[in-house]
Amino acid sequence: MTQDEQKRAVAQAALKYAQEGVIGVGSGSTVNMFIDALATMKGRIDGAVAASETSAERLRSHGIRVYDLNAVNELLVYVDGADEVTEHLYMIKGGGGALTREKIVAAVAKKFVCICDASKLVPVLGKFPVPVEVIPMARSYVGREMLKRGAQPVLRENYKTDNGNLILDCHGLTLLDPPAMEAELDNIAGLVTNGIFARRPADVLLLAGPAGVRTITAKRL
(Lines give C-alpha, C1' and ligand atoms only; values in the text may rest on other atoms or scores of the structure.)
Protein backbone atom coordinates (compact mmCIF):
# COMPACT_ATOMS: atom_id res chain seq x y z
CA MET A 1 0.00 0.00 0.00
CA THR A 2 1.11 3.55 -0.64
CA GLN A 3 1.33 5.95 2.31
CA ASP A 4 -2.01 7.52 1.34
CA GLU A 5 -3.60 4.08 1.13
CA GLN A 6 -2.22 3.27 4.59
CA LYS A 7 -3.68 6.50 5.97
CA ARG A 8 -7.04 5.73 4.37
CA ALA A 9 -7.02 2.20 5.82
CA VAL A 10 -6.22 3.36 9.35
CA ALA A 11 -8.84 6.13 9.13
CA GLN A 12 -11.43 3.52 8.19
CA ALA A 13 -10.30 1.24 11.03
CA ALA A 14 -10.86 4.04 13.56
CA LEU A 15 -14.58 4.16 12.79
CA LYS A 16 -15.26 1.22 15.12
CA TYR A 17 -14.26 3.47 18.05
CA ALA A 18 -16.60 6.27 16.93
CA GLN A 19 -20.04 4.73 17.03
CA GLU A 20 -22.08 7.10 19.21
CA GLY A 21 -22.30 10.43 20.98
CA VAL A 22 -19.99 13.34 20.23
CA ILE A 23 -16.59 12.44 18.76
CA GLY A 24 -13.39 14.35 19.45
CA VAL A 25 -11.50 14.94 16.20
CA GLY A 26 -7.91 16.13 15.84
CA SER A 27 -6.20 17.56 12.78
CA GLY A 28 -3.83 16.63 9.97
CA SER A 29 -3.83 14.63 6.76
CA THR A 30 -4.72 11.27 8.32
CA VAL A 31 -7.48 12.88 10.39
CA ASN A 32 -8.86 14.49 7.23
CA MET A 33 -9.34 10.97 5.87
CA PHE A 34 -10.98 9.96 9.15
CA ILE A 35 -13.41 12.88 8.85
CA ASP A 36 -14.25 11.79 5.30
CA ALA A 37 -14.86 8.23 6.56
CA LEU A 38 -16.91 9.53 9.51
CA ALA A 39 -19.24 11.25 7.04
CA THR A 40 -20.37 7.84 5.76
CA MET A 41 -21.91 7.03 9.17
CA LYS A 42 -22.73 10.50 10.47
CA GLY A 43 -26.30 9.45 11.28
CA ARG A 44 -25.04 7.31 14.17
CA ILE A 45 -23.23 10.10 16.01
CA ASP A 46 -24.45 13.36 17.51
CA GLY A 47 -21.59 15.43 16.13
CA ALA A 48 -17.97 16.27 16.81
CA VAL A 49 -15.63 18.57 18.72
CA ALA A 50 -12.79 19.73 16.47
CA ALA A 51 -9.27 20.50 17.65
CA SER A 52 -8.64 22.97 14.80
CA GLU A 53 -10.59 25.43 12.68
CA THR A 54 -9.54 23.50 9.57
CA SER A 55 -11.00 20.26 10.91
CA ALA A 56 -14.17 22.08 11.98
CA GLU A 57 -14.65 23.38 8.44
CA ARG A 58 -14.14 19.91 6.97
CA LEU A 59 -16.66 18.40 9.39
CA ARG A 60 -19.24 21.05 8.54
CA SER A 61 -18.68 20.50 4.82
CA HIS A 62 -19.84 16.90 5.35
CA GLY A 63 -22.90 18.02 7.30
CA ILE A 64 -21.52 16.87 10.66
CA ARG A 65 -22.52 19.13 13.55
CA VAL A 66 -19.56 20.78 15.29
CA TYR A 67 -19.84 21.45 19.02
CA ASP A 68 -17.89 23.84 21.20
CA LEU A 69 -16.12 21.76 23.84
CA ASN A 70 -17.73 23.87 26.58
CA ALA A 71 -21.15 22.62 25.45
CA VAL A 72 -20.21 18.94 25.80
CA ASN A 73 -20.33 17.02 29.09
CA GLU A 74 -18.16 14.13 27.93
CA LEU A 75 -16.26 12.74 24.96
CA LEU A 76 -16.16 8.96 24.75
CA VAL A 77 -13.35 9.02 22.20
CA TYR A 78 -10.81 11.34 20.62
CA VAL A 79 -9.21 10.38 17.30
CA ASP A 80 -6.02 12.09 16.18
CA GLY A 81 -2.71 11.45 14.46
CA ALA A 82 0.88 12.00 15.62
CA ASP A 83 4.18 13.21 14.20
CA GLU A 84 6.02 10.56 16.23
CA VAL A 85 4.78 7.81 18.54
CA THR A 86 6.52 5.16 20.68
CA GLU A 87 5.38 1.71 21.81
CA HIS A 88 4.40 3.34 25.12
CA LEU A 89 2.02 5.53 23.04
CA TYR A 90 3.86 8.68 23.99
CA MET A 91 3.73 11.16 21.10
CA ILE A 92 5.09 14.33 19.60
CA LYS A 93 2.26 16.33 18.05
CA GLY A 94 1.85 19.84 16.71
CA GLY A 95 3.41 19.71 13.26
CA GLY A 96 0.16 21.24 12.03
CA GLY A 97 0.13 23.83 14.82
CA ALA A 98 -3.02 22.68 16.66
CA LEU A 99 -1.23 21.21 19.70
CA THR A 100 -2.96 23.28 22.39
CA ARG A 101 -6.49 22.47 21.32
CA GLU A 102 -5.49 18.87 20.61
CA LYS A 103 -4.13 18.50 24.14
CA ILE A 104 -7.28 20.00 25.65
CA VAL A 105 -9.63 17.72 23.72
CA ALA A 106 -7.44 14.69 24.51
CA ALA A 107 -7.61 15.55 28.22
CA VAL A 108 -11.41 15.48 28.16
CA ALA A 109 -11.79 12.24 26.19
CA LYS A 110 -12.21 8.90 27.96
CA LYS A 111 -10.30 7.11 25.19
CA PHE A 112 -7.59 8.51 22.90
CA VAL A 113 -7.17 6.62 19.63
CA CYS A 114 -4.04 7.55 17.69
CA ILE A 115 -4.07 6.81 13.95
CA CYS A 116 -0.76 6.72 12.05
CA ASP A 117 1.10 5.09 9.22
CA ALA A 118 4.07 2.91 10.18
CA SER A 119 6.65 5.62 9.45
CA LYS A 120 5.60 7.46 12.63
CA LEU A 121 6.55 4.67 15.07
CA VAL A 122 9.94 5.35 16.68
CA PRO A 123 11.95 3.83 19.57
CA VAL A 124 12.70 7.22 21.17
CA LEU A 125 10.96 10.56 20.61
CA GLY A 126 12.95 13.55 19.40
CA LYS A 127 13.93 13.23 15.76
CA PHE A 128 10.84 15.27 14.93
CA PRO A 129 11.20 18.76 16.46
CA VAL A 130 9.06 19.45 19.51
CA PRO A 131 6.66 22.32 18.77
CA VAL A 132 5.91 24.75 21.58
CA GLU A 133 3.14 27.34 21.38
CA VAL A 134 4.20 30.64 22.94
CA ILE A 135 2.61 33.98 23.77
CA PRO A 136 4.22 36.45 21.31
CA MET A 137 5.86 38.61 23.99
CA ALA A 138 7.50 35.50 25.50
CA ARG A 139 9.06 34.26 22.25
CA SER A 140 12.66 35.24 23.03
CA TYR A 141 12.48 34.20 26.68
CA VAL A 142 11.04 30.78 25.87
CA GLY A 143 13.66 30.38 23.14
CA ARG A 144 16.45 31.00 25.66
CA GLU A 145 14.89 28.51 28.08
CA MET A 146 14.78 25.88 25.35
CA LEU A 147 18.44 26.50 24.52
CA LYS A 148 19.29 25.80 28.17
CA ARG A 149 17.66 22.39 27.74
CA GLY A 150 19.75 21.53 24.70
CA ALA A 151 17.18 22.38 22.04
CA GLN A 152 17.62 24.53 18.96
CA PRO A 153 14.40 26.57 18.71
CA VAL A 154 13.30 27.84 15.29
CA LEU A 155 10.41 30.27 14.87
CA ARG A 156 7.77 28.91 12.51
CA GLU A 157 7.76 31.70 9.93
CA ASN A 158 4.57 33.52 8.93
CA TYR A 159 2.45 31.34 11.16
CA LYS A 160 -0.06 31.97 13.92
CA THR A 161 -2.04 29.33 15.77
CA ASP A 162 -5.84 29.33 15.96
CA ASN A 163 -5.27 30.97 19.37
CA GLY A 164 -3.25 33.84 17.86
CA ASN A 165 0.09 32.65 19.22
CA LEU A 166 3.48 31.67 17.77
CA ILE A 167 5.18 28.28 17.38
CA LEU A 168 8.82 27.51 18.13
CA ASP A 169 9.94 24.21 16.61
CA CYS A 170 12.60 22.86 18.96
CA HIS A 171 15.16 20.59 17.30
CA GLY A 172 17.69 18.33 18.97
CA LEU A 173 15.81 17.07 22.02
CA THR A 174 16.12 13.36 22.80
CA LEU A 175 13.20 12.51 25.05
CA LEU A 176 14.31 9.68 27.30
CA ASP A 177 11.63 10.59 29.89
CA PRO A 178 8.82 12.25 27.91
CA PRO A 179 6.39 12.77 30.85
CA ALA A 180 9.08 14.53 32.90
CA MET A 181 10.12 16.82 30.04
CA GLU A 182 6.50 17.61 29.24
CA ALA A 183 5.90 18.67 32.84
CA GLU A 184 9.13 20.69 32.96
CA LEU A 185 8.32 22.63 29.79
CA ASP A 186 4.81 23.37 31.04
CA ASN A 187 6.38 25.42 33.86
CA ILE A 188 8.12 27.89 31.53
CA ALA A 189 6.32 31.24 31.76
CA GLY A 190 4.77 32.27 28.46
CA LEU A 191 4.83 28.77 27.01
CA VAL A 192 1.19 27.85 26.41
CA THR A 193 1.58 24.18 25.46
CA ASN A 194 4.35 21.86 24.33
CA GLY A 195 3.94 19.13 21.75
CA ILE A 196 4.92 16.22 24.00
CA PHE A 197 1.84 14.09 24.66
CA ALA A 198 3.01 11.73 27.39
CA ARG A 199 1.23 12.65 30.62
CA ARG A 200 -1.98 11.87 28.77
CA PRO A 201 -0.77 9.41 26.11
CA ALA A 202 -2.90 7.55 23.60
CA ASP A 203 -4.82 4.51 24.84
CA VAL A 204 -4.83 2.74 21.48
CA LEU A 205 -2.58 3.08 18.44
CA LEU A 206 -3.90 2.02 15.07
CA LEU A 207 -0.79 1.65 12.94
CA ALA A 208 -1.08 1.16 9.21
CA GLY A 209 1.64 -0.68 7.29
CA PRO A 210 2.03 -2.49 3.98
CA ALA A 211 0.35 -5.61 5.44
CA GLY A 212 -2.63 -3.75 6.92
CA VAL A 213 -3.60 -2.10 10.21
CA ARG A 214 -2.20 -3.24 13.58
CA THR A 215 -3.81 -2.40 16.93
CA ILE A 216 -1.30 -1.57 19.67
CA THR A 217 -2.19 -0.89 23.28
CA ALA A 218 0.15 0.98 25.58
CA LYS A 219 3.17 -0.66 27.19
CA ARG A 220 3.47 1.59 30.21
CA LEU A 221 6.87 2.19 31.81
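Residues numbered from 1 in each chain as written. Predicted model: local features only at pLDDT ≥ 70, side-chain atom pairs only at ≥ 80, totals over all residues. Heavy atoms only, no water.

*Asks:* Provide a residue-level description of helix 6 (residues 178-186), including the pertinent values.
*Replies:* For helix 6, every residue scored as buried is listed here: P178, M181, E182 and L185. Viewed end-on, helix 6 has its buried residues packed into an arc of 105°, placing them on one side of the element. Taken together, the buried residues of helix 6 touch helix 4 (99-108), helix 5 (139-148), strand 10 (191-194) and strand 11 (196-197). (Buried < 20%, exposed > 50% of the residue type's maximum accessible area, 1.4 Å probe, protein only. Helix = DSSP H or I, 4+ residues; strand = E, 2+ residues; numbered from the N terminus. Arc of directions from axis to C-beta. Contact = heavy atoms within 4.5 Å.)

*Asks:* Pulling in residues and values, what's your account of the packing of helix 2 (residues 29-38) against helix 3 (residues 53-61)?
*Replies:* At a closest axis distance of 9 Å, the pairing of helix 2 and helix 3 adopts a crossing angle of 25°. Of the possible angle classes, the one that applies to helix 2 and helix 3 is roughly parallel. Crossing geometry of helix 2 relative to helix 3 is assigned as right-handed. Counting all contacts with helix 2, which are made through V31, N32, I35, D36 and L38, the residues of helix 3 involved are S55, R58 and L59. (Axes fitted to C-alpha atoms, helices over the stretch in contact; angles between N-to-C directions. Parallel < 35°, antiparallel > 145°, perpendicular 65-115°, else oblique. Left-handed = near helix turned anticlockwise from the far one by under 90°.)

*Asks:* Residues and numbers for the environment of R8, please.
*Replies:* Following the sequence through the fold, R8 ends up in helix 1 (residues 3-13). Of the residues examined, R8 reaches a relative accessible area of 47% and is grouped as partly exposed.

*Asks:* Got a sec to walk through the nonpolar core? Specific residues and values, please.
*Replies:* Nonpolar side chains in soluble globular proteins generally cluster together in the buried interior. Counting residues in each nonpolar core, the largest one holds 29 residues, and the members touching the most others are V25, F34, L38, L59, V113, I115 and L206. A total of 6 residues in this core trace back to one element, the largest contributor, which is helix 2. Beyond its immediate chain neighbours, meaning those up to four positions away, L59 contacts V25, I35, L38, A48, A50, I64 and V66. With 24 residues, the next largest nonpolar core counts V22, C114, C116 and L205 among its residues. (Core = buried A, V, L, I, M, F, W, Y, C linked by side-chain atoms within 4.5 Å.)

*Asks:* So what about the packing of aromatic side chains? Which residues, and what values?
*Replies:* Applying the stated rule across the entire model yields 1 aromatic pair. The interplanar angle of 55° and the centroid separation of 5.0 Å between the aromatic rings of Y78 and F112 together place this pair among those described as tilted. Residue Y78 is located in strand 3 (residues 75-80), and its partner F112 is located in strand 6 (residues 109-117); the two are separated by 34 residues in the primary sequence. A cation over a ring is seen here: R156 above Y159, with NZ or CZ 5.4 Å from the ring centre. (Phe/Tyr/Trp six-rings, centres within 6.5 Å; stacked < 30°, edge-to-face > 60°. Lys NZ or Arg CZ within 6 Å of the ring centre and 35° of its normal.)

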